[in-house]
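Residues per chain, in single letters:
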Amino acid sequence: MSSLLLTGIAELTTVEESTGVLRDAAVVVEDGRFAWVGRAQDAPAADDALDLGGRAALPGWVDSHSHLVFDGDRSAEFEARMAGRDYAAGGIQVTTDATRAADDARLASLLAQRVRAAAAGGTTYLETKTGYGLTVPDEARSAALAAAAVDEVTFLGAHLVPTGADPEQYTQLVCGDMLEAVAPHARWIDVFCEQGAFTPAQSRRVLEAGRAAGLGLRVHGNQLGPGAGVDLAVELGAASVDHVNHLSDEDFARLGASGTGAGGVKVEGTETVATVLPACDLSTRAPLAPAKRLLQAGATIAIASNCNPGTSYTSSMNFCVGTAVLQMGLSLAEAIEAATLGGARALRADRESLAAGTRPRASGSEAPIGRIAVGHRADLHVLDAPAAIHLAYRPGMPLTHAVWRAGERVA
């Protein structure tokens, strides 16, 4: 196997406590992992070398929440919302109708385009959900297509009760035949626990059925108003609860204490990560998720794109991180960590060994992600700027210069 030395890194944000931010840095990549990280003057020899020309580098983005398997356009809905119409969960049905009508080849092509676009913007590890089929065959094919294209697949049959369906009967379908058909292709199960979608009781049934089938748990919660999403997620040990725009004092306390074991010590890999979705908040004109207060409460946070056709049609994690700094009150370091290591923790992919009972990651790679550290997967995002603060200092600019995923250059 050959090794590659990357030099000329003006600023290296490692998201690793022992190294932090390094100036005039270098890394060595070998066999898909980081083999050495440090100052350029101390770099060992390697088979090949590449000078990055005084640019900043950081871990590849870990996008832990997206909805990429879909067809159809909802720009008219977006335009109406910008003109003053409130967002409601029912718009999902528009995408569902278009997705059902598309053949496999078209859905696979659209998905591949979206995955490439995410990679071109620095995303090196990507989760995506089903949820726009809402029939047994359509959810199963969505999961199979996703499993061939992304790192992590989440079953979201409980995205919306289809038009004309009985909510209780549909919930039973999600927990039964649909789950059985999708489970071989997925690692996670999710539910939209929200007014207009699934009740707390229905959400519990979905999550418990998924857990019995061997899937990890995720929750869409507290997006449209106060609700039971956070409480349910923490109680059942979900890996993440996402959106979290409307939180009570008790919700902050629950998330801050999640993953706490005996003696009040946090047990890594057991916390419920609060995933904030800045682009979605802007697109729906919702109150921005209280990311800073979540950190102050002791919670682990992640930043994700929520790329979907209705409420966040972007996979740009650069934009999401810049927004988190400019409008959510996060420091640059907090935002970068949330979009890399935070996302990895939300997917339980930040360590070599898997949590007990957790299925192998869909990518088949057990190398940990989210940091630039020896032994971690060599996911590297190089900016066309001398420092990472340019992500917020120059919002909206095309700042991605190069991307390595598992040691292979992909953009």
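Before any of the text, the structure's been laid out above.
This report concerns the structure included in the present document.

What counts and how
- Residues numbered from 1 in each chain as written.
- Predicted model: local features only at pLDDT ≥ 70, side-chain atom pairs only at ≥ 80, totals over all residues.
- Heavy atoms only, no water.
- Helix = DSSP H or I, 4+ residues; strand = E, 2+ residues; numbered from the N terminus.
- Contact = heavy atoms within 4.5 Å.
- Areas by Shrake-Rupley, 256 points an atom, 1.4 Å probe, with all protein chains shown as cover.
- Pairing = 2+ DSSP bridges.
- Axes fitted to C-alpha atoms, helices over the stretch in contact; angles between N-to-C directions.
- Buried < 20%, exposed > 50% of the residue type's maximum accessible area, 1.4 Å probe, protein only.
- Expected span 1.5 Å × (residues − 1).
- Polar contact = N/O pair within 3.5 Å; in protein donor to acceptor, adjacent residues only side chain to side chain.
- Parallel < 35°, antiparallel > 145°, perpendicular 65-115°, else oblique.
- Left-handed = near helix turned anticlockwise from the far one by under 90°.
- Nonpolar A, V, L, I, M, F, W, Y, C, P; charged D, E, K, R; others polar.

## Some remarks on the overall build of the protein
Line of reasoning, step 1. When its secondary structure is counted, the protein shows 13 helices and 15 strands.
Line of reasoning, step 2. Summarising its shape, the C-alpha atoms of the protein cover approximately 65 × 50 × 45 Å along the three principal directions.
Line of reasoning, step 3. Taking as baseline every contact in the protein between residues at least 6 positions apart, the subset at least 24 positions apart corresponds to 71%.
Line of reasoning, step 4. As displayed, the protein has an accessible area near 15,200 Å², and 53% of this comes from carbon and sulfur atoms.

## Re the sheet that holds strand 3 (residues 33-39)
Line of reasoning, step 1. Here we have 7 strands laid out as an open sheet, ordered 3-2-1-4-13-14-15, and mixed in their pairing. In this open sheet, the two edge strands, each paired with only one partner strand, are strand 3 and strand 15 (408-409).

## A closer look at the sheet that holds strand 11 (residues 273-276)
Line of reasoning, step 1. Pairing within the open sheet is parallel, and its 8 strands lie in the order 5-6-7-8-9-10-11-12. Here the strands that pair on one side only, and so sit at the sheet edges, are strand 5 (61-63) and strand 12 (301-303). Pairwise comparison of adjacent strand axes, ignoring direction, gives a mean angle of 25° for this sheet.
Line of reasoning, step 2. In the packing of helix 12 (residues 332-346) onto the sheet, contacts are made with strand 5, strand 8 (188-193), strand 9 (216-221), strand 10 (240-243), strand 11 and strand 12, and the angle to strand 12 comes to roughly 105°.

## Quick look at unusual backbone geometry
Line of reasoning, step 1. One non-glycine residue with positive phi stands out, namely Val15, at about 55°.
Line of reasoning, step 2. At Asn306, a position not held by glycine, the phi torsion is positive, near 55°.
Line of reasoning, step 3. Relative to the assigned elements, Asn306 resides in the loop between strand 12 and helix 11 (317-327).
Line of reasoning, step 4. Asn306 gets classed as buried once you look at its relative accessible area, which sits at 2%.

## What to know about helix 3 (residues 104-120)
Because an α-helix completes one turn every 3.6 residues, residues spaced three or four positions apart along the sequence face the same direction.
Line of reasoning, step 1. Here helix 3 is 17 residues long and its end C-alpha atoms lie 24 Å apart, about the 24 Å a rise of 1.5 Å per residue gives.
Line of reasoning, step 2. Restricting attention to buried positions, one finds in helix 3 the residues Leu107, Leu110, Leu111, Arg114, Ala118 and Ala119.
Line of reasoning, step 3. Close packing links the buried residues of helix 3 with helix 2 (92-101), strand 6 (123-129), helix 4 (136-147) and strand 14 (400-405).
Line of reasoning, step 4. Positioned one or two residues after helix 3, Gly122 has a phi angle of 100°, which is positive.

## Topic: the side chain of Glu77
Line of reasoning, step 1. Residue placement: Glu77 occurs in helix 1 (residues 75-82).
Line of reasoning, step 2. Only 2.8 Å separates the side chain of Glu77 from the side chain of Arg74, close enough to count as a polar contact.

## Points about the packing of helix 7 (residues 229-236) against helix 8 (residues 249-257)
Helix packing for two helices is described by the angle between their axes and how far apart those axes are.
Line of reasoning, step 1. Closest axis-to-axis distance for the helix 7/helix 8 pair is 10 Å, and the angle between their directions is 25°. Of the possible angle classes, the one that applies to helix 7 and helix 8 is roughly parallel. Of the two possible hands of crossing, helix 7 and helix 8 adopt the one that is left-handed. Contacts between helix 7 and helix 8 involve Val230, Asp231 and Val234 on the former and, on the latter, Asp251, Arg254 and Leu255.
Line of reasoning, step 2. Looking at the contact of helix 7 with helix 8, its residues break down into 3 nonpolar, no polar and 3 charged.

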